[in-house]
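Residue-level listing of the chains:
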Amino acid sequence: MSKVADIIDRDVFQYQLAAIAEEMSAALRRSAFSPIIWDMLDYSCALVVPHGEMLAQADTIPAQLGILTYALRGIVKEIPLESWRPGDVLVCNDPYRGCTHTPDIVLLSPVFHGDELIAITATVAHHVDIGGKLPSTTAPDNLELFAEGLIFPPMHLVREGVQNETAFRFISANVRNPRACTGDIRAQIAGCRTGERRVAKLLERYGVERFKALASECLAYGERFMRNAIAAIPDVTRSAEIWIEDDVSSKAPVRLAVTVAIRGDEIEVDFSGTDMQRRNALNCPAASTCSMTLYAIRCVIGMETLSNGGCNRPISIKVPAGSFLNPHRPAAVGNRHYAQQAVADVVLKALADLVPERSAAGCHISFPSFRAGGFDTRKEVAERYGEARYFIVHDIIGGGMGGHASGDGLQAVDTHGGNCGLLSAEVFETTSPVRIRRSELIETSGGTGEHRGGLAMRRDYELLADDLMVSVFFQQGNDRTAPWGFEGGGPGRPAGAVLNPGAASERRLTSKEIGLPLRAGDVVRLESAGGGGWGEPARRDPSLAARDADERYA
């Protein structure tokens, strides 16, 4: 076979694998019970080779996709691949065994051809509640992992096609919505089974040896592509730092520091100088830190090819043990998303002037989160169901992306490791006693610049029942932590939250409000951060500046 034919076969094969991952994604989403999965899309699917590298992925949540290699390593340490059998499904959610935080449950299932393990299908999904002291499980003031709901060590959820009923009964007894939680786990199994069937079809088409050779070549091509892209950048070392709020164990913010060194066709990333772990749940486990580092590098280097584990081979990452980004077990990590978003932000900041044509100013990583739970005591609900129903709802809102060399930042999007959708008002009001009174862009919230930052958004939540337990979290709430401008661009507007805006009882909320006891009629307002501006404002196209003024963009 000619070299050209081999290249074509490899590329066709690579896209076939990606299509399988996307079909797994569709199966999971369509089978899921919880809006956080089927409406907000907080889940991911991938194919992995037995030695641990990712082979293909669906385009969903970067923060979840990047940890699957680490999760597989953690599982294999305790359940060796030699003991896996056809029909098995293994589960783990332990952040200190390669996972993210306890609500993100990882499932893996093997694909065999005869007695040979060929590939592994992987799904990970955020479960809206898996126990813990508050509805929605995570709370920033937790001190230890043991307060963050159920912890699954590596174990069989399904063994040779037979479901572990004891495990499912145990899960049901320890979560607030057992029907949704177990239903979402079964949706993940459906995603894995879809991947198994499709990979089996590819094995029929190519045969085992050709399949393995093409898979190996896909990974090798990913490595070659990244090494060539890195080698095109002169050898250089850059450092950056950013700050994020604590507001739980200390009023002092947390410092994240990074040094990025390009050496030939390799990149070294070192987080020395980052603060030590805190006595709260904002710490970030090592797998999430590495995942977001890899994401940030891919944003500016090597985006022209499909992502797989080969792309990560030229990258080494050092994260000091005991630091905020690699805490010692059993430090709590449930709200690690704020830190991992900051990991992407600080690495991108360090890379910005190395590849300015591919970089952006600081993005919203404020991640404003509204969580509520309790009994829906509205009369019409009790009459319809015969009793007050327990509910849990969880929402996050997007913000502004940073301006970049090619144009303005996007408005009101979930950036970096998130990529989640906004929970629709209709779903919100159908599933909970919460009314969405307002969802709007915030005028002039993007940083000024030749290319302005994207606009933040504002959302108001009105409670329709008494005695609800509400939590509100965000970051980037002051000028020191707000999204940064690049090359003379202005910073984005900080995030914030207000209780009962415009009323006599109006009160500004801190960045971590945990378990607020609110009543019917109370209104919570969340506001995200605007993106930073790119370039000197004086260089902005006059026609665009005029439009900005007319439409209150800037």
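All values reported here derive from a predicted model rather than from experimental measurement.

**Q** If you had to explain the pattern of salt bridges to someone new, which residues and values would you point to?
**A** Per the stated rule, a full pass over the model turns up 44 salt bridges. Here lysine 212 and glutamate 209 are joined by a salt bridge, their closest N and O atoms 4.0 Å apart. Taken together, the residues span about one helical turn, with lysine 212 and glutamate 209 both in helix α7 (residues 208-231) at a distance of three residues. By relative accessible area, which is 33% here, lysine 212 ends up partly exposed. Note on glutamate 209: relative accessible area 56%, which makes it exposed. Across the pair glutamate 527 and arginine 493 runs a salt bridge, and its minimum N-O distance is 3.4 Å.

**Q** Before we move on, can you summarise the environment of asparagine 500 with the specific residues and values?
**A** Within the secondary structure, asparagine 500 sits in the loop between β17 (496-499) and β18 (507-508). Expressed as a C-alpha distance, the spacing of asparagine 500 and arginine 197, which sit 303 residues apart in the sequence, is 52 Å. If we skip the residues at most four places from it in the chain, asparagine 500 touches Ser505, Glu506, Gly521, Asp522 and Val523.

**Q** Got a sec to walk through the sheet that holds strand β9 (residues 254-263)? Specific residues and values, please.
**A** As summarised here, the arrangement of the four strands in space is β8-β9-β10-β11, forming an open sheet in which the pairing is mixed. The sheet is open, and its two edges are formed by β8 (236-244) and β11 (315-318), each paired on a single side. The average angle at which neighbouring strand axes cross in this sheet is 15°, direction not considered. Where β9 and strand β10 (residues 266-270) come together, five bridges link them in antiparallel fashion. Bridge pairing links alanine 261 to glutamate 268 in β10. Helix α8 (residues 286-300) contacts β10 and β11 of the sheet and is inclined by roughly 140° relative to β11.

**Q** Requested: an account of the packing of helix α6 (residues 178-206) against α7, with residues and values cited.
**A** Across the interface, α6 lies against α7 with an axial gap of 7 Å and an inter-helix angle of 110°. The angle between the axes of α6 and α7 places the two elements in the roughly perpendicular class. Across the interface between the two elements, Val199, Leu202, Leu203 and Tyr206 of α6 pack against Val208, Arg210, Phe211 and Leu214 of α7. When grouped by side-chain class, the residues that make up the contact of α6 with α7 number seven nonpolar, no polar and one charged.

**Q** Go over helix α4 (residues 68-78), please, and point to the residues and values.
**A** Along α4, the residues classified as buried are Leu68, Thr69, Ala71, Leu72, Gly74 and Ile75. At its buried positions, α4 is contacted by β1 (43-48), β2 (54-57), α3 (62-65), β3 (89-92), β4 (104-113) and β5 (116-126).

**Q** Please give an account of the side chain of lysine 512 that cites residues and values.
**A** Positionally, lysine 512 belongs in strand β19 (residues 512-518). Lacking a salt bridge, the buried lysine 512 has aspartate 247 as its closest oppositely charged neighbour, with an N-O distance of 5.4 Å. Side-chain polar atoms of lysine 512 contact the backbone oxygen of phenylalanine 474, separated by 3.1 Å. Within the local environment of lysine 512, its side chain forms a polar contact with the side chain of serine 511, the two groups lying 3.1 Å apart.

**Q** Summarise the environment of asparagine 142; cite the residues concerned and give the values.
**A** Summarising the element assignment, asparagine 142 is placed in the loop between β5 and β6 (155-159). When its relative accessible area of 2% is taken as the criterion, asparagine 142 is described as buried. Sequence separation of asparagine 142 and glycine 132 is ten residues, and the distance between their C-alpha atoms is 9.6 Å. The residues contacting asparagine 142, other than those within four sequence positions of it, are Lys133, Thr137, Ala147, Glu148, Asn280, Ala281 and Ala332.

**Q** Explain the packing of aromatic side chains residue by residue, including any values.
**A** Enumeration according to the criterion identifies nine aromatic pairs in this entry. Considering the side-chain rings of phenylalanine 13 and tyrosine 206, the 5.4 Å spacing of their centres and the 85° angle between planes classify their relative orientation as edge-to-face. You can see phenylalanine 13 sitting in helix α1 (residues 3-31) and its partner tyrosine 206 sitting in helix α6, a full 193 residues away along the chain. Taking relative accessible area as the criterion, phenylalanine 13 reaches 0% and is therefore assigned buried. Positioned above the aromatic ring of phenylalanine 168 is the side chain of arginine 186, whose terminal nitrogen or guanidinium carbon lies 4.4 Å from the ring centre. In this structure, lysine 512 packs its charged tip against the face of tyrosine 338, placed 5.5 Å from the ring centre.

**Q** If you had to explain the sheet that holds β17 to someone new, which residues and values would you point to?
**A** Within the open sheet, the five strands sit side by side as β14-β15-β20-β17-β18. Their pairing is antiparallel. The sheet is open, and its two borders are formed by β14 (434-441) and β18, each paired with just one other strand.

**Q** For empty space enclosed by the protein, give the residues involved together with the corresponding values.
**A** Over the atoms a probe the size of a water molecule is rolled, and this reveals where empty space is left. Tallied over the full model, the rule gives two cavities of 30 Å³ or more. Volume-wise, the largest cavity comes out at about 200 Å³. Lining the largest cavity we find 22 residues, and of these Asp42, His126, Arg336, His337 and Phe367 sit closest to its centre. Within the residue set of the lining of the largest cavity, elements represented by two or more residues are α3, α9 (337-351) and β13 (389-396). The element best represented in the lining of the largest cavity is α9, accounting for three residues. Partitioning the lining of the largest cavity into residue classes produces eight nonpolar, ten polar and four charged. Taken together, Ser34, His127, Val128, Asp129, Asn177, Ala180, Cys181 and Asp184 form the lining of the second largest cavity. Partitioned by chemical class, the residues of the lining of the second largest cavity number three nonpolar, three polar and two charged.

**Q** Help me get a handle on unusual backbone geometry, residues and values and all.
**A** Cis rather than trans, the peptide bond between arginine 329 and proline 330 has omega equal to 10°. For aspartate 247, which is not glycine, the phi torsion reads 60° and is therefore positive. In this fold, aspartate 247 is placed in the loop between β8 and β9. Judged by relative accessible area, aspartate 247 falls into the partly exposed class, the value being 24%. Phi at histidine 416 takes a positive value of approximately 55°, unusual for a residue other than glycine. Its place among the elements puts histidine 416 in the loop between β13 and α11 (425-431). Residue class for histidine 416 comes out buried when judged on its relative accessible area of 8%.

About the cut-offs
- Residues numbered from 1 in each chain as written.
- Predicted model: local features only at pLDDT ≥ 70, side-chain atom pairs only at ≥ 80, totals over all residues.
- Heavy atoms only, no water.
- Salt bridge = Lys/Arg side-chain N within 4 Å of Asp/Glu carboxyl O.
- Helix = DSSP H or I, 4+ residues; strand = E, 2+ residues; numbered from the N terminus.
- Buried < 20%, exposed > 50% of the residue type's maximum accessible area, 1.4 Å probe, protein only.
- Contact = heavy atoms within 4.5 Å.
- Pairing = 2+ DSSP bridges.
- Axes fitted to C-alpha atoms, helices over the stretch in contact; angles between N-to-C directions.
- Parallel < 35°, antiparallel > 145°, perpendicular 65-115°, else oblique.
- Nonpolar A, V, L, I, M, F, W, Y, C, P; charged D, E, K, R; others polar.
- Lys, Arg positive; Asp, Glu negative; His and termini not counted.
- Polar contact = N/O pair within 3.5 Å; in protein donor to acceptor, adjacent residues only side chain to side chain.
- Phe/Tyr/Trp six-rings, centres within 6.5 Å; stacked < 30°, edge-to-face > 60°.
- Lys NZ or Arg CZ within 6 Å of the ring centre and 35° of its normal.
- 1 Å grid on protein atoms, 1.4 Å probe; cavity = no way out; pocket = protein on both sides within 12 Å on 5 of 7 lines; lining within 4 Å.
- Points joined across faces, edges and corners; volume = space filled by probe spheres on them.

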